[in-house]
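# Notes for the structure review
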Amino acid sequence: MVIKPPKYKDVQGIRITKKLSGGDSTRVVYIFNYAVLYELIKIIYAAFMDKAAGKSDNFGNSWEPLSKKLYDWKLKSRRRTAVRIGGVPAINIRTRELQRALRPGQFIGGRYIPNPGQRIFVTSNHIQLVITVEHAGKVQEVRPFFPEDLEPLVDIAVAKAVRTTNSYLKEIGFN
């Protein structure tokens with residue numbers, strides 16, 4: 001997944017009360033981009049868990065239900081691979097490896113710290129998230145966890161990233 005976030009200067013609500021040097025300005029760009037990534041992963045994870053529970057996510061997306069045979073097997077099974085969410089056999093979760101890889105990492109010190117199973121690449125003008133779980137590509141083809149149209153999710157993530165960014169900028173004395 002690759003996105004091109006807006007420039008923080010074009011986003012309403014980011015408060016900077018201090019005159020920034022070139023290095024400080026670059027630092028704010030990265031803080032904002034890491035915050036966008038963090039908020040976007042939180043949205044993707046919440047959507048994944050909704051769809052895994054057999055529900056629609058906040059954007060109306062859902063996954064095809066389990067076959068009756070697999071559903072019954074998961075319902076009766078006591079195996080570790082019969083993961084349940086709210087007592088219902090989960091869709092797309094077998095070993096929890098993919099679920100753990102999609103779980104948000106942490107936003108600490110103005111940076112996003114990825115979870116195992118995530119590889120990130122952040123520059124001043126793009127953000128890339130790669131899920132390194134071996135079977136992630138095959139799963140994405142059958143029951144996508146990254147929607148084709150990321151724009152609505154990115155818009156929400158940007159709005160939330162403003163709060164996250166402002167909070168951190170206050171900590172470091174930029175606002």
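Residues numbered from 1 in each chain as written. Predicted model: local features only at pLDDT ≥ 70, side-chain atom pairs only at ≥ 80, totals over all residues. Heavy atoms only, no water.

### Here we look at a negative patch on the surface
Stated precisely, the cut-off is as follows: Each patch is built from salt-bridge-free residues with over 30% relative accessible area, joining like charges within 9 Å and nonpolar side chains (Val, Leu, Ile, Met, Phe, Trp, Tyr) within 5 Å. All accessible areas in this document rest on Shrake-Rupley with a 1.4 Å probe, and a residue is counted as covered only by the protein chains that are shown. Each salt bridge in this description consists of a side-chain nitrogen of Lys or Arg and a carboxyl oxygen of Asp or Glu lying within 4 Å of one another. His is not counted here, nor are the chain ends, while Lys and Arg score as positive and Asp and Glu score as negative. Every charge is mapped to an atom, namely NZ of Lys, CZ of Arg, CG of Asp or CD of Glu. Helix and strand assignments come from DSSP, with helices taken as H or I runs of at least 4 residues and strands as E runs of at least 2, each series counted from the N terminus.
On the surface, E148, D149, E151 and D155 cluster together into a patch of negative charge. Mapped onto the elements of the fold, E148 is located in the loop between α4 (136-142) and α5 (151-171).

### What about unusual backbone geometry?
Put simply, the rule reads: Buried residues are those whose accessible area, probed at 1.4 Å on protein chains only, stays under 20% of the maximum for their type, while exposed residues exceed 50% and partly exposed ones sit between those limits.
Positioned with a positive phi, N92 is a non-glycine residue whose angle comes to about 75°. Within the fold, N92 resides in the loop between β3 (88-89) and α3 (97-102). Positive phi, close to 70°, is recorded for R96, a residue that is not glycine. Tracing the backbone through its elements, the reader meets R96 in the loop between β3 and α3. Of the residues examined, R96 reaches a relative accessible area of 34% and is grouped as partly exposed.

### So, the nonpolar core
For clarity, the threshold we go by: Definition of nonpolar core: a set of buried residues of the types Ala, Val, Leu, Ile, Met, Phe, Trp, Tyr and Cys, connected through side-chain atoms within 4.5 Å. Contact between two residues is taken to exist if any of their heavy atoms lie within 4.5 Å; hydrogens are not considered.
Among the nonpolar cores identified, the biggest contains 53 residues, and F32, L102, I131 and F145 are the most heavily contacted of them. Residue assignment for this core shows that the elements contributing at least two residues are α1 (22-52), α3, β6 (118-122), β7 (127-131), α4 and α5. The residues touching L102, leaving out its near neighbours within four places in the chain, are I41, I44, Y45, F48, Q118, I131, F145 and F146.

### Things to note about the pattern of salt bridges
Taken as a whole and judged by the stated rule, the model has 4 salt bridges. For K18, the salt bridge goes to D24, with nearest N and O atoms at 3.8 Å. The exposure class assigned to K18 is partly exposed, which follows from its relative accessible area of 37%. One salt bridge in this structure joins K51 and D57, with 3.7 Å as the shortest N-O distance. Residue K51 is classed as buried on the basis of its relative accessible area, which comes to 4%. Under the relative-accessibility criterion, D57 is labelled buried at 7%.

### A closer look at the environment of V2
Tracing the chain through its elements places V2 in strand β1 (residues 2-3). Overall, V2 belongs to the exposed group, its relative accessible area being 52%. Through-space distance from the C-alpha of V2 to that of V122 is 9.7 Å; in sequence the pair is 120 residues apart. Excluding residues within four positions of it along the chain, V2 makes contact with H126, I127 and Q128.

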